Amino acid sequence: MKVELIDIGRVVPYARNPRRNENAITKVASSIKEYGFRQPIVVDEELVIIAGHTRLQAAQSLGLKKVPVHIASGLTLAQIKAYRLADNRTHEDAEWDEELLAIELGELDELGFDMDLTGFETIELEKLLDGTAMDGLTDD
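Here the structure is a predicted model, which means the values were calculated and not measured. (Residues numbered from 1 in each chain as written. Predicted model: local features only at pLDDT ≥ 70, side-chain atom pairs only at ≥ 80, totals over all residues. Heavy atoms only, no water.)

Glancing now at the overall build of the protein chain. When helices and strands are counted, the protein chain shows five helices and four strands. Tracing the protein chain from N to C terminus, the helices and strands come up as β-α-β-β-α-β-α-α-α. With the C-alpha coordinates of the protein chain rotated into their principal frame, the extents come out at 50 × 30 × 25 Å. In the protein chain, buried positions account for 31% of the 140 residues. Within the protein chain, contacts between residues separated by at least 24 positions form 73% of all contacts whose residues are at least 6 apart in sequence. Here the protein chain contributes 15 positively and 27 negatively charged side chains, and the mean placements of these two sets differ by 15 Å. (Helix = DSSP H or I, 4+ residues; strand = E, 2+ residues; numbered from the N terminus. Buried < 20%, exposed > 50% of the residue type's maximum accessible area, 1.4 Å probe, protein only. Contact = heavy atoms within 4.5 Å. Lys, Arg positive; Asp, Glu negative; His and termini not counted. Charge placed at Lys NZ, Arg CZ, Asp CG, Glu CD.)

Listed below in C-alpha cells is the structure:
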C-alpha cells in the first residue's frame, strides 16, 4: 500500500459523510499527538475522503500542514460508496473481551501510563478496573 504525505488543504471531506465525528476529534487528536499518524486517510483519485474524516479534523485541530494519505485507485464509484460505509460500520459488530481488556488496562495503569490516551472515559476505566483508584484521572 502506497502512502504519501500531502498538504492538508488538498484533502477534500466528502460532502455527504453520514458520520458525526465531533465527539471523537479530541481523542483522535490526542492519539495522533502521542503515537503519531499510524493510519492514513484513505481518499479517491480526486482526493475526496473515503475513510478518515475524523483523522483529518484531528490533524487540522493540531495544526498539521501535511497528512499521510492512501489513494485508493481503481475502485468504482459503487465500491467507493460502499467502502466509505463499511469502514465506519464494521467495527460496530466487534465486542470487547472485558476480562482481557481489564488486564491490558491494569498493566498500563501499573506502568504509570496516561490512561486518558486509551480513549476510554474515566467511568469506563473505573468499572473495568473494579473501581480501583486510578491516579490522574479525576479532578480531585
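So, on to the nonpolar core. Side chains of nonpolar character tend, in soluble globular proteins, to be buried together. One finds Ile6, Ile8, Val11, Ile41, Val43, Leu47, Ile49, Leu56, Ala59, Val67 and Val69 forming the largest nonpolar core, which totals eleven residues. Elements represented by at least two residues in this core include exactly strand E2 (41-43), helix H2 (53-61) and strand E4 (66-71). In this structure Ile8 touches Leu56, Ala59, Gln60, Leu64, Lys65, Lys66 and Val67, once residues within four positions along its chain are discounted. Listed in part, the seven residues of the second largest apolar core include Leu101, Met115, Phe120 and Leu125. (Core = buried A, V, L, I, M, F, W, Y, C linked by side-chain atoms within 4.5 Å.)

Our next topic: the side chain of His53. Inspection of the secondary structure puts His53 in helix H2. For His53, a relative accessible area of 10% gives the class buried. Among all residues touching His53, those that are not within four sequence positions of it are Pro13, Tyr14, Asn17 and Asn21.

We now examine the environment of Glu99. You can see Glu99 is positioned in helix H4 (residues 98-110). Sequence spacing of Glu99 and Leu128 is 29 residues, and the spatial spacing of their C-alpha atoms is 8.2 Å.

We note that Leu47 has phi near 70 degrees; this positive angle belongs to a residue other than glycine. Tracing the backbone shows Leu47 in the loop between E2 and strand E3 (49-51). Residue Leu47 is classed as buried on the basis of its relative accessible area, which comes to 10%.

This brings us to the packing of aromatic side chains. The geometry of an aromatic ring pair comes down to the distance between the two centres and the angle between the two planes. Applying the stated criterion to the full structure yields one aromatic pair. Look at Trp96 and Phe120: their rings are 5.5 Å apart centre to centre, the planes differ by 55 degrees, and that puts the pair in the tilted class. With a gap of 24 residues between them, Trp96 in the loop between helix H3 (77-89) and H4 and Phe120 in the loop between H4 and helix H5 (122-128) connect regions that are remote in the sequence. Residue Trp96 is classed as exposed on the basis of its relative accessible area of 61%. In this structure Phe120 comes out as buried when scored by relative accessible area, which is 14%. Taking NZ or CZ as reference, Arg84 lies 3.5 Å from the ring centre of Tyr14, over its face. (Phe/Tyr/Trp six-rings, centres within 6.5 Å; stacked < 30°, edge-to-face > 60°. Lys NZ or Arg CZ within 6 Å of the ring centre and 35° of its normal.)

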